[in-house]
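Examining the three-dimensional arrangement
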Amino acid sequence: MNTSSQLKIIDTHTGGEPTRVVTDGFPDLGNGTLVERRDRFKKDFDSWRAGIVNEPRGSDVWVGALICEPHDSSCTAGVIFFNNVGVLGMCGHGTIGVAVALAHLGRLEVGRHHLETPVGVVTIDLHQDREHVTIENVKSYRFKKDVEVSVEGYGAIRGDVAWGGNWFYLVQDHGQDLHIRRVQELTQYSLAVRDALVREGITGANGEEIDHVELFSEPDDSANHSKNFVLCPGAAYDRSPCGTGTSAKLACLVEDGKVKAGEVWRQESIIGSVMEAKFQQQDSDGVIPILTGSAWVNAESTLIFNPNDPFCFGIPQ
């Protein structure tokens, strides 16, 4: 890169969790499926990923969403999600943010649309207020139930391994007080859990890394069913209730017979924001979670990548 490049972005937040939606200006990823372009993004353009979401332009909490031409002709758009350390398979809060961002640009009308992600096609329904969005996520399921792991400094705990578009280890009995003032302690605990999963060789299907840890407790608001703390890859915590994490939780609840078709599960985040989840049908492979949340546009701006800037592509981590 010999001259400055510019990327057009829309910044949104979903329940407090930010999404930086890249709408124009990103280098050409070529042709092929979205998986192939995701892999090309990961291999050849990782410096751009870091420059978009890491300091000095961003921070560890940012999730990026690169809008692409879909490979599936039934889809309105394709999207590749990424964060401070790499690419993501799917992102629930990010999908809601993408829908609101595209609506802000006039590229998405109220109603139902299909969005292509590297892990499958999701349905998005933009509500009349253009802030609420309902998504039908990829099929979610519990891979292993009641998996014990020995966490250094904390002892043995048990949790479920489940897929909701990303891999999660979900823990109900952890002995931690889930409160925003304890974010540092909760982060340290969840990192220790994730380290233990790696050390003991506990993975998702096909040996895939479990890169999210989700803790649950009773909600602060009695209108909700549960409160969570979610540690994302890269050691940032999710300010929203986490769409893929709520999907993984719903899959476990359904398998245990605790949520029935059509019933709404209200998941509260560590900061008090809420997502609603339900499903209509279940089969032996899992459920299709239906999630509803809200997002708001924070900014519409241009990122400038100046090759003379020593931190053009982010501060090394």
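If you're wondering where the values come from, they're calculated on a predicted model, not measured in any experiment. (Residues numbered from 1 in each chain as written. Predicted model: local features only at pLDDT ≥ 70, side-chain atom pairs only at ≥ 80, totals over all residues. Heavy atoms only, no water.)

**With respect to the pattern of salt bridges**
Using the criterion set out here, one finds 16 salt bridges in the structure. The salt bridge involving Asp283 is made with Lys139; its shortest N-O contact spans 2.8 Å. Residue Asp283 is located in strand β16 (residues 282-283), and its partner Lys139 is located in the loop between β8 (132-136) and β9 (141-151); the two are separated by 144 residues in the primary sequence. Arg142 is the partner of Glu255 in a salt bridge, and the nearest nitrogen-oxygen pair spans 3.0 Å. (Salt bridge = Lys/Arg side-chain N within 4 Å of Asp/Glu carboxyl O. Helix = DSSP H or I, 4+ residues; strand = E, 2+ residues; numbered from the N terminus.)

**Thoughts on unusual backbone geometry**
Along the chain, Glu55 connects to Pro56 via a cis peptide bond; the corresponding omega equals 10°. For Pro56, the position within the fold is in the loop between α2 (46-53) and β3 (63-68). One non-glycine residue, Arg130, lies in the positive phi region at around 65°. Its place among the elements puts Arg130 in the loop between β7 (120-126) and β8. Even without being glycine, Cys242 reaches a positive phi, approximately 75°. Among the structural elements, Cys242 can be located in the loop between β13 (226-231) and α5 (243-255).

**Re the layout of surface pockets**
Empty space among the atoms can be located by rolling a probe the size of a water molecule over them. Quantified by volume, the largest pocket comes out at close to 500 Å³. Lining the largest pocket are 21 residues, with Lys42, Val87, Leu88, Gly89 and Asp211 sitting closest to its centre. Sorting the residues of the lining of the largest pocket by element identifies α1 (34-44) and β5 (87-88) as the ones contributing at least two each. Per-element tally for the lining of the largest pocket: the top contributor is α1, with 3 residues. Looking at side-chain class alone, the lining of the largest pocket contains 9 nonpolar, 5 polar and 7 charged residues. (1 Å grid on protein atoms, 1.4 Å probe; cavity = no way out; pocket = protein on both sides within 12 Å on 5 of 7 lines; lining within 4 Å. Points joined across faces, edges and corners; volume = space filled by probe spheres on them. Nonpolar A, V, L, I, M, F, W, Y, C, P; charged D, E, K, R; others polar.)

**What to know about helix α3 (residues 92-104)**
Given 3.6 residues per helical turn, the α-helix brings residues three or four places apart onto the same face. The terminal C-alpha atoms of α3 lie 19 Å apart, and with 13 residues this matches the ideal 18 Å at 1.5 Å per residue to within 8%. Most of α3 sits out of view: 12 of its 13 residues are buried. Along α3, the residues classified as buried are Gly92, His93, Gly94, Thr95, Ile96, Gly97, Val98, Ala99, Val100, Ala101, Leu102 and Ala103. Phi turns positive, to about 80°, at Gly106, one or two residues after α3. (Expected span 1.5 Å × (residues − 1). Buried < 20%, exposed > 50% of the residue type's maximum accessible area, 1.4 Å probe, protein only.)

**Brief notes about the packing of aromatic side chains**
Applying the stated criterion across every chain yields a total of 12 aromatic pairs. Both rings, one in Trp48 and one in Phe305, keep their centres 4.7 Å apart while their planes meet at 35°; by these two values the pair is tilted. Of the two residues, Trp48 is situated in helix α2 and Phe305 in strand β18 (residues 290-305); the sequence distance between them amounts to 257 residues. Here Trp48 and Phe305 have matching classes, each one buried. (Phe/Tyr/Trp six-rings, centres within 6.5 Å; stacked < 30°, edge-to-face > 60°.)

**Side note on the nonpolar core**
Of all hydrophobic cores here, the largest spans 64 residues; its most connected members are Phe81, Val98 and Tyr169. Discounting chain neighbours no more than four positions away, the residues touching Phe81 are Val63, Gly64, Ala65, Val87, Leu88, Met90, Cys91, Gly94, Thr95, Val98 and Thr117. (Core = buried A, V, L, I, M, F, W, Y, C linked by side-chain atoms within 4.5 Å. Contact = heavy atoms within 4.5 Å.)

**Describing the environment of Phe45**
Mapped onto the elements of the fold, Phe45 is located in the loop between α1 and α2. Residue contacts for Phe45: discarding those within four places in its chain leaves Phe26, Pro27, Asp28, Leu29 and Arg40.

**Things to note about empty space enclosed by the protein**
Following the criterion strictly, the structure yields 1 cavity of 30 Å³ or more and no others. Considering only enclosed or pocket space, the largest cavity measures out at about 160 Å³ in volume. Contributing to the lining of the largest cavity are 22 residues, with Val63, Leu88, His212, Cys232 and Asp238 lying nearest its centre. If you list the elements that add at least two residues to the lining of the largest cavity, you get α3 and α5. Partitioned by chemical class, the residues of the lining of the largest cavity number 11 nonpolar, 8 polar and 3 charged.

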